[in-house]
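# Structure assessment
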Amino acid sequence: MSFKFCTLSGAIAKAGTNRNLSGADYVNTWSDESEGTIASLLRWDLSGAWATADALIKQAISDAVSSDIAVKWINFDQTGYIKGEAQTMLDVLTDNYTRIVNKLSDEKNQKLNK
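Residues numbered from 1 in each chain as written. Predicted model: local features only at pLDDT ≥ 70, side-chain atom pairs only at ≥ 80, totals over all residues. Heavy atoms only, no water.

This part is about helix α4 (residues 55–76). Its 22 residues place the ends of α4 31 Å apart at the C-alpha level, agreeing with the 32 Å of an ideal helix rising 1.5 Å per residue. The complete set of buried residues in α4 reads I57, I61, A64, V65, S66, S67, D68, I69, A70, V71, W73 and I74. Its side-chain oxygen at 2.9 Å from the backbone nitrogen of L56, D54 defines the N-terminal cap of α4. (Helix = DSSP H or I, 4+ residues; strand = E, 2+ residues; numbered from the N terminus. Expected span 1.5 Å × (residues − 1). Buried < 20%, exposed > 50% of the residue type's maximum accessible area, 1.4 Å probe, protein only. Polar contact = N/O pair within 3.5 Å; in protein donor to acceptor, adjacent residues only side chain to side chain.)

Below, the structure is given as structure tokens:
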């Protein structure tokens, strides 16, 4: 299921140029975890509904999943980042993920799942 809901390049861009390149060994696992997590949080059958999902919903989910993968990548090894950079990136990415999941989970947006 790796990278069904986002692209590797999206996760790489969000993790930044100072990411540890050996994290690439784990990125498929992180993708599976992130995609499974968002599907569970939203209580949507994303695998079955992805082909017919609205393009804007796909973009939002892709944004959230790639943000979560980037968080995992940054947490993997922060030594390449300058002081405070990793934490700032983690804060921004986590806020982005949370905002998207909350908006998509909102009851009035549940019709988007149908």
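This part takes up unusual backbone geometry. As a rule of thumb, non-glycine residues mostly have phi less than zero, and peptide bonds are mostly trans rather than cis. The backbone of F3 shows a phi angle near 60°, a positive value even though the residue is not glycine. Secondary-structure assignment places F3 in the segment before α1 (8–15). A positive phi is found at R43, a non-glycine position, where the angle reads about 55°. With relative accessibility at 73%, the residue R43 sits in the exposed group.

Their axes nearest at 9 Å, the elements helix α2 (residues 27–42) and helix α5 (residues 85–105) cross at an angle of 35°. Note on element contacts: α5 touches α2 through Y97, V101, L104 and S105, opposite T37, I38, L41 and L42. Within the contact of α2 with α5, the residues separate by chemical class into six nonpolar, two polar and no charged. (Axes fitted to C-alpha atoms, helices over the stretch in contact; angles between N-to-C directions. Contact = heavy atoms within 4.5 Å. Nonpolar A, V, L, I, M, F, W, Y, C, P; charged D, E, K, R; others polar.)

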